[in-house]
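So you can see what is in the structure, the chains are spelled out below.
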Amino acid sequence: MASGNNSSTAVTSISLTRPSLPLRGRSFRALVLAPETPLGDWFSHLDALVQRSPTLFSERAVILDVSGLAKDPLRGDAARLETAEPAEDDTDAAAATPDIAGLVDELKQRGIRIMGVEKAEPAWLGPALPPLLSGGRPAEMAPPADVKAPEPVKAPEPPRKPNSLVLENPLRSGQSVYHPEGDVTVMGSVASGAEILAGGSIHIYGALRGRAIAGAGGNPRARICCRKFEPELIGIDGLFRTADTTDPKLRKKAVQVWLEGETLRMAALD
Amino acid sequence: MAKIIVVTSGKGGVGKTTTTAALGAALAQAGQNVCVVDFDVGLRNLDLIMGAERRVVYDLINVVQGDAKLTQALIRDKRLDTLALLPASQTRDKDALTDEGVARVIGELREKFDWVICDSPAGIERGATLAMRHADIAVVVTNPEVSSVRDSDRIIGLLDSKTERAEKGEHLEKHLILTRYDPGRAERGEMLKIEDVLEILSIPLLAVVPESEEVLKASNLGSPVTLNAPQSAPARAYIDAVRRLRGETVEMIVPSEKRSLLGKLFTRRAA
């Protein structure tokens, strides 16, 4: 990037102060399709699978693993793929280039879009084909849920609005509040032996003497705030601390608790 | 129509029965028509504290199950003719109490008296929940000690959810009586202070009953402390509590035993 600036001396401070391009790394899970020869059989298997679970490939990243095709001398003609033709025992097949373009087209007709090709020789891929990928590691994928019968595709449920719960009275020992979505606000205290589980954050305008578990069900951004910090147990998104392992300096103070990476952090509010 | 008071605590041994007897006697001494009801079926004590154990014929279970009439089971106090006792059964257990039977008995008592004081068993099970079921006022008895405070907190939670008034969305008056309080020990940090307990439980304070040998003395004599030693510190605390229950505004003080200088010198020498 710096080389661009070298050539033109006319470039003023504007380009110098321009922030560098925001490039970030990110990894995704992808389904890997590994066609095998004979391709005709493989496609009929694929068609049967797609018929059983029509949503299997929809909106999924799909990678094509062509290692199984290396020995198959495929040439242009897509119709050949349809006929169940036994693989030819060709001795100099290793030198042959599989018709990846034809394969990608075939898959596209079935609604499967290939975002990258794995384990291919760089020479096999033209500019019109998906890029060559490397460095993939096996990962578990959720198995197709509807293998048994083709279920009618339901309209996706509208995302439920998180609703907050406000408790006017103190939470007494033995009482338990479970609010899986949204925040919980308690106007009084939470007694020793009481517990709150919230999907969102927990706000306590009295003393927290019992248990408070925020972000239950996976919300690392949830927080716990209270006016007087004497908890038995606190937790956010599956990370817990008992009273023994909290900073004694924070006791009886107004405190907030949040998650930073894999650690529970807590600090006085004032 | 009577007001139904439940005396409850969660924890055992904090002074529920003593408080029931003392409040009942103090109300009767003030001319009110009072019935004290023992809900501790199987572990009855109120008859002993009231000095009526030799006069029990029928009990709460008999009335609940329809084997006896309420008037047959009620025991009139010999000292105070406006005070009555409905004893519990010692041979049965709490499962013998039915929801409908208790509701009917409480309904009949409501017609007959000005105040009905139910002595709840310890715990949070059937006996305790039935005793609080029909209450208009709850008196929570707590010792200045952490386990008692936590159990009381649990009971207050139940009062706010399991009583008839709570279920109807009506207000249930809740009051705290702190018993066995020793100002000296609280000052030295050996006991919870009054304000600590009030902060945790956040219900209004009805009385602070100091630790006193008069309580045990009265129990063993089978006489409520307000009757046996009306000038003693615990009796004065209970008498003030009753005045507050009846709507009077009484300054909150922690009564102490009055002892003359001579008396102090004497006890020291004796020790």
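Remember, predicted model here, so these are calculated numbers, not experimental data. (Residues numbered from 1 in each chain as written. Chains lettered and ligands numbered in written order. Predicted model: local features only at pLDDT ≥ 70, side-chain atom pairs only at ≥ 80, totals over all residues. Heavy atoms only, no water.)

### Regarding the overall build of chain A
Across its full length, chain A carries five helices and 15 strands. Expressed as a percentage of the 270 residues in chain A, the buried residues total 36%. Taking all contacts inside chain A whose residues are at least 6 apart in sequence as the whole, residues at least 24 apart take part in 37%. Carbon and sulfur atoms provide 53% of the accessible area of chain A, an area that totals close to 17200 Å². (Helix = DSSP H or I, 4+ residues; strand = E, 2+ residues; numbered from the N terminus. Buried < 20%, exposed > 50% of the residue type's maximum accessible area, 1.4 Å probe, protein only. Contact = heavy atoms within 4.5 Å. Areas by Shrake-Rupley, 256 points an atom, 1.4 Å probe, with all protein chains shown as cover.)

### Section: the pattern of salt bridges
Residue and element names in this part refer to chain B. Within the structure shown, the criterion is met by 25 salt bridges over all chains. Between Arg44 and Asp47 there is a salt bridge, and its shortest N-O distance comes to 2.9 Å. The pair Arg44 / Asp47 is uniform in exposure class, with both members buried. The salt bridge involving Arg79 is made with Asp77; its shortest N-O contact spans 2.9 Å. Judged by relative accessible area, Arg79 falls into the partly exposed class, the value being 41%. (Salt bridge = Lys/Arg side-chain N within 4 Å of Asp/Glu carboxyl O.)

### Overview of the pairing of strand S8 (residues 195-198) of chain A
Residues and elements named next belong to chain A. Side chains Ile196 and Ala198 of S8 all project onto a buried face; the interleaved residues Glu195 and Leu197 project onto a face where none is buried. Here strand S6 (residues 176-179) pairs with S8 via four bridges, running parallel. Residue pairing for S8: Val177 is matched across the bridge by Ile196. As paired elements, S8 and strand S10 (residues 211-214) share three bridges and run parallel to each other. What sits directly across from Glu195, in S10, is Arg211. (Pairing = 2+ DSSP bridges.)

### Observations regarding the packing of aromatic side chains
Residue and element names in this part refer to chain A. One pass over the full model with this rule turns up one aromatic pair over all chains. Note on Trp42 and Phe43: the rings are 5.2 Å apart at their centroids and 75° apart in plane angle, and the pair reads as edge-to-face. Pair check on accessibility: Trp42 and Phe43 agree, each one buried. (Phe/Tyr/Trp six-rings, centres within 6.5 Å; stacked < 30°, edge-to-face > 60°.)

### A word on the interface of chain A and chain B
The partner chain B presents 10 residues to the 11 residues of chain A that form the contact. Of the roughly 860 Å² buried where chain A meets chain B, counting both sides, 37% is carbon and sulfur surface. Looking at the side of chain A facing chain B, the largest losses of area belong to Arg172, Ser173 and Arg209 of chain A, adding up to 60% of the total buried there. Here chain A and chain B share four salt bridges between them. Residue Glu199 of chain B is joined to Arg209 of chain A by a salt bridge in which the shortest nitrogen-to-oxygen separation is 3.0 Å. If you look at where chain A meets chain B, you find eight residue pairs in polar contact (both at pLDDT 80 or more). Residues that form the side of chain A that touches chain B fall into these classes: three nonpolar, four polar and four charged. (Buried area = accessible area lost by both parts, 1.4 Å probe. Polar contact = N/O pair within 3.5 Å; in protein donor to acceptor, adjacent residues only side chain to side chain. Nonpolar A, V, L, I, M, F, W, Y, C, P; charged D, E, K, R; others polar.)

### Describing the packing of helix H7 (residues 146-162) of chain B against helix H10 (residues 194-201) of chain B
Residue and element names in this part refer to chain B. Axis separation between H7 and H10 bottoms out at 10 Å; the angle between their running directions is 30°. Classified by the interaxial angle, the pair formed by H7 and H10 is roughly parallel. The element H7 and its partner H10 pack so that their crossing is right-handed. Listed contacts from H10 to Val149, Ser152, Asp153 and Ile156 of H7 are Val197, Ile200 and Leu201. Here the contact of H7 with H10 is built from residues that sort into five nonpolar, one polar and one charged. (Axes fitted to C-alpha atoms, helices over the stretch in contact; angles between N-to-C directions. Parallel < 35°, antiparallel > 145°, perpendicular 65-115°, else oblique. Left-handed = near helix turned anticlockwise from the far one by under 90°.)

### A closer look at helix H5 (residues 99-112) of chain B
In this model H5 of chain B runs 20 Å from its N-terminal to its C-terminal C-alpha over 14 residues, within 8% of the 20 Å that 1.5 Å per residue would give. Considered for burial, the residues of H5 of chain B that qualify are Gly101, Val102, Val105, Ile106, Leu109 and Arg110 of chain B. (Expected span 1.5 Å × (residues − 1).)

### Structural notes on the sheet that holds strand S15 (residues 263-268) of chain A
Residue and element names in this part refer to chain A. Ordered in space as S5-S7-S9-S11-S14-S15, the six strands form an open sheet in which the pairing is mixed. The open sheet is flanked by strand S5 (165-167) and S15, the only strands paired with a single partner. Along the sheet, successive strands turn relative to each other by an average axial angle of 20°, direction set aside. Bridge analysis of strand S14 (residues 255-260) against S15 gives six bridges, and the strand direction is antiparallel. Of the residues in S15, the one forming a bridge with Val257 is Met266.

### Examining the UniProt feature "binding site: ATP" (unreviewed entry) in chain B
Residues and elements named next belong to chain B. Cross-referencing UniProt, the feature "binding site: ATP" (unreviewed entry) maps to Lys11, Gly12, Gly13, Val14, Gly15, Lys16, Thr17 and Thr18 in the present numbering. Relative to the helices and strands, Thr17 is located in helix H1 (residues 16-29). On the basis of relative accessibility, which here comes to 19%, the residue Thr17 falls in the buried class. Secondary-structure assignment places Thr18 in helix H1. (UniProt positions renumbered as here; feature names shortened; annotations may be inferred.)

### A closer look at unusual backbone geometry
Most of the time, phi is negative for any residue but glycine, and the peptide bond is trans. Looking along the chain, the bond that leaves Thr37 of chain A and enters Pro38 of chain A is cis, with omega of -5°. Within the secondary structure, Pro38 of chain A sits in the loop between strand S1 (31-33) and helix H3 (39-52). Residue Asp237 of chain A is not a glycine yet carries a positive backbone phi of 50°. As for its position among the elements, Asp237 of chain A is in the loop between strand S12 (233-236) and strand S13 (239-242). Of note in this structure, Arg180 of chain B is not a glycine but carries a positive phi near 60°. Along the polypeptide, Arg180 of chain B turns up in strand S7 (residues 173-181).

### Re the pairing of S13 of chain A
Residues and elements named next belong to chain A. Relative to S13, S12 runs antiparallel, the two being bridged by four bridges. Its bridge partner being in S13, Ile234 is matched across the sheet by Arg241. The hairpin formed by S12 and S13 contains two residues between the paired strands, and Asp237 there has a positive phi angle of roughly 50°.

### A word on H10 of chain B
Residues and elements named next belong to chain B. When H10 is considered as a whole, its buried residues turn out to be Ile194, Val197 and Leu201. In an axial view of H10, the angular spread of the buried residues amounts to 70°, which keeps them on one side of the axis. Summarising the contacts, the buried residues of H10 are in contact with strand S6 (137-142), H7, S7 and strand S8 (205-210). (Arc of directions from axis to C-beta.)

### A look at the side chain of Thr163 of chain B
Residues and elements named next belong to chain B. Along the polypeptide, Thr163 turns up in the loop between H7 and helix H8 (164-167). The class of Thr163 is buried, set by a relative accessible area of 0%. Here Thr163 is in contact with Met132, Arg133, Leu158 and Leu172, once residues within four sequence places are set aside.

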